[in-house]
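Observations on the three-dimensional arrangement
What follows is each chain in one-letter form.
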Amino acid sequence: MLNPSNFMRKSHFIPQGGRFFSFFPNRQKAILFAIAAIPVFAAFGIGRILRPVHMPEYLEQKKEWYEKEYLKDLEQIKPAKSHSNENMVWIPGGSFLMGGKDAQTLPDARGLHRVFVSGFWMDETEVTNAQFKEFIDATGYITSAERSPNEGNLIMAANHDVILPKEPFSWCFKEEKTPTKNSGDWWEPVRGANWKHPFGPGSDIIGKETHPVVHISWYDAMAYCQWAGKRLPTEAEWEYAARGGYAKRNYPWGNDLDFSLANYWQGVFPDFFLNRDGFLKTSPVRSFAPNPYGLYEIGGNVWEWCLDWYGPDFYQQSKKSGVSINPSGPHKGNQPLLKVIRGGSFLCSESYCSGYKVSTRMKSAPCSGTEHIGFRCVRI
Ligand SMILES: [Ca+2]
Ligand SMILES: [Ca+2]
């Protein structure tokens with residue numbers, strides 16, 4: 001699914017994430033080394049080598065790229081007094097082949113590569129309006145869409161002929177569309193649209209307490225995580241969890257697409273809408289069966305923010321480097337200014353982006369939310 005920031009520029013980045021084997025000339029020698037090194041692993045503790053991504057280190061490593069005002073906000077948020085793993089499921093660590101290779105796979109998801117992921121807890125569902133309200137009530141946090149437009153919003157509009165409002169706004173999908181294939185023409189900045197008013201003034205979330213919260217920027221999601229004692233999943237963790245322990249699956253639920261299995265767009269996007277699943281926009285969480293790990297709506301409903309900066313050729317670089325261990329994406333580099341989103345939304349169709357496929361990647365500008373991007377958290 002495209003969103004207002006769905007444009008790509010040439011990026012330069014420094015591959016990050018734990019990797020070894022990259023200095024070996026070929027895979028056979030690397031495997032021999034690994035076998036020989038087993039006693040060393042045992043002596044020093046394999047846990048130290050398979051070290052998961054820790055939030056303080058991640059921020060320390062990449063903070064030079066964070067907008068100062070948001071980082072300040074993050075530091076000021078006090079964690080909730082008690083944290084629990086309630087409504088989370090344990091995802092056991094392991095390895096998998098990340099990416100895709102079928103005809104539908106877009107270039108950025110090609111480059112199948114082996115990834116090891118340590119075990120982690122993951123929210124069973126997308127963060128709901130009720131859960132997000134708890135965070136707001138406890139902290140008084142003001143979301144990006146409720147603040148005056150900033151440079152991040154300008155990034156969102158960079159590829160579109162859009163005059164941005166001076167008042168706070170967020171991006172909504174246009175009901176009246178011009179027949180075009182340009183994704184920028186499908187979206188409009190709506191004054192007063194935010195998580196409490198998903199379609200602008202006059203709309204609200206009464207009766208939608210169990211729907212996923214939307215119009216959440218990446219920074220808003222990070223702030224929630226800070227309060228909840230959690231963090232956003234890395235892109236690798238997200239895909240590993242979505243696959244549900246199955247090496248070869250097209251979708252989180254299996255290999256066949258059916259409207260009884262997820263909230264997505266049936267028909268030909270954006271011109272022909274069948275609405276067979278019965279949900280025009282978001283659906284309450286737990287409306288559809290979970291994947292084998294017990295994760296609900298990990299495919300469809302709303303896109304989910306990941307921790308990583310988006311690098312269009314990150315998979316290719318990872319493949320060249322060898323085995324990846326708990327990768328956390330590239331440094332931002334100089335361009336583009338986008339974060340990874342995964343899992344597709346109610347606007348995704350088989351004829352367009354297939355965002356609900358386990359391997360499909362997408363990206364969006366971190367300073368802005370839209371009506372079809374939410375998030376779920378992990379804890380290590
Ligand atoms: Ca639907
Ligand atoms: Ca989802």
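Residues numbered from 1 in each chain as written. Chains lettered and ligands numbered in written order. Predicted model: local features only at pLDDT ≥ 70, side-chain atom pairs only at ≥ 80, totals over all residues.

Digging into the overall build of the chain
Note the threshold: Each helix corresponds to a stretch of at least 4 residues labelled H or I by DSSP, and each strand to a stretch of at least 2 residues labelled E; elements are numbered beginning at the N terminus. Put simply, a residue is buried when 20 or more other C-beta atoms lie within 10 Å of its own C-beta and exposed when 12 or fewer do; between those, it is partly exposed, and each C-beta is set from the backbone. We call two residues in contact when the distance between their C-beta atoms, placed using the backbone, is within 7 Å.
Regarding its fold elements, the chain presents 10 helices and 15 strands. Within the chain, the proportion of its 380 residues that are buried is 44%. In the chain, once contacts between residues fewer than 6 apart in sequence are set aside, the share between residues at least 24 apart is 77%.

Focus on helix 8 (residues 218-228)
For an α-helix the count is 3.6 residues per turn, leaving residues at separations of three or four pointing the same way. Here helix 8 lies mainly inside the structure; 11 of its 11 residues are buried. Residues of helix 8 that are buried: Trp 218, Tyr 219, Asp 220, Ala 221, Met 222, Ala 223, Tyr 224, Cys 225, Gln 226, Trp 227 and Ala 228. Looking one or two places after helix 8, you find Gly 229, whose phi comes out positive at around 70°.

Thoughts on the sheet that holds strand 5 (residues 120-123)
Note: strands within a sheet are paired through backbone hydrogen bonds, in either parallel or antiparallel orientation. Put simply, the rule reads: At least two DSSP bridges between two strands are required for those strands to pair.
Strand order in this open sheet of 3 strands is 2-5-15, and the pairing throughout is antiparallel. The sheet is open, and its two edges are formed by strand 2 (88-91) and strand 15 (378-379), each paired on a single side. Inspection of the sheet shows strand 2 paired to strand 5 by 4 bridges, in the antiparallel sense. Counterpart to Ile 91 in the pairing with strand 5 is Phe 120.

Some thoughts on the sheet that holds strand 12 (residues 339-342)
Strand order in the open sheet formed by 4 strands is 13-12-10-14, with mixed pairing between adjacent strands. Only two strands of the sheet have a single neighbouring strand rather than two, namely strand 13 (361-364) and strand 14 (373-374).

Topic: helix 9 (residues 235-242)
Most of helix 9 is tucked away: 8 of the 8 residues are buried. Within helix 9, burial applies to Glu 235, Ala 236, Glu 237, Trp 238, Glu 239, Tyr 240, Ala 241 and Ala 242. Gly 244, located one to two residues past helix 9, shows a positive phi value of around 65°.

Overview of the nonpolar core
Basically, it comes down to this: For the purposes of this analysis, a nonpolar core is taken to be any set of buried Ala, Val, Leu, Ile, Met, Phe, Trp, Tyr and Cys residues that are connected through C-beta atoms within 7 Å.
Judged by nonpolar contacts, the single largest core of 73 residues is most densely connected at Ala 221, Tyr 224, Leu 232, Ala 241 and Trp 305. A total of 9 residues in this core trace back to one element, the largest contributor, which is helix 8. Ignoring any residue separated from it by four or fewer positions in sequence, one finds Ala 221 in contact with Ile 216, Leu 232, Trp 305 and Phe 375.

Details of the pairing of strand 13
Consecutive residues of a regular strand have side chains that alternate between opposite faces of the sheet. Going residue by residue along strand 13, you find Arg 361 and Lys 363 tucked away on one face and Met 362 and Ser 364 tucked away on the opposite face as well. Here strand 12 runs beside strand 13; their pairing, made up of 4 bridges, is antiparallel. Bridge pairing links Val 340 to Lys 363 in strand 13.

Considerations on the environment of Ser 359
Here Ser 359 shows up in the loop between strand 12 and strand 13. Remark: the alpha-carbon pair of Ser 359 and Arg 249, spanning 110 residues in sequence, is separated by 9.2 Å. Residues contacting Ser 359, with those up to four places away along its chain left out, are Gly 99, Gly 100, Thr 105, Ala 109 and Glu 239.

Describing the confidence of the model for the chain
Applied cut-off: The quantity called pLDDT is the predictor's confidence in a given residue, expressed from 0 to 100.
When the pLDDT values of the chain are averaged, the result is 83; 75% of them are 70 or greater. Every residue in residues 1-25 is under pLDDT 50, and counting partners more than four places away or in other chains gives 74 contacts. Scored below 50 in pLDDT, residues 39-45 makes 2 contacts in the model with residues more than four places away or belonging to other chains.

A look at unusual backbone geometry
Of note, the bond from Phe 269 into Pro 270 is cis; its omega dihedral lies within 30 degrees of zero at 0°. Structurally, Pro 270 can be placed in the loop between strand 8 (267-268) and strand 9 (272-273). A positive phi angle, near 70°, is found at Arg 286, a position not held by glycine. Among the structural elements, Arg 286 can be located in the loop between strand 9 and strand 10 (303-309).

A closer look at the environment of Val 378
Along the polypeptide, Val 378 turns up in strand 15. Sequence separation between Val 378 and Trp 90 is 288 residues; the distance between their C-alpha atoms is 9.5 Å. For Val 378, the contacting residues outside a window of four places in its chain are Phe 120, Trp 121, Met 122, Lys 230, Arg 231, Pro 233 and Glu 237.

Considerations on the environment of Val 285
Considering the arrangement of structural elements, one finds Val 285 in the loop between strand 9 and strand 10. Counting along the chain gives 161 residues from Val 285 to Glu 124, while the straight-line C-alpha distance between them is 9.2 Å. When residues no more than four places from it in sequence are discounted, the contact partners of Val 285 are Thr 125, Glu 126, Thr 128, Thr 210, Pro 212, Tyr 296 and Glu 297.

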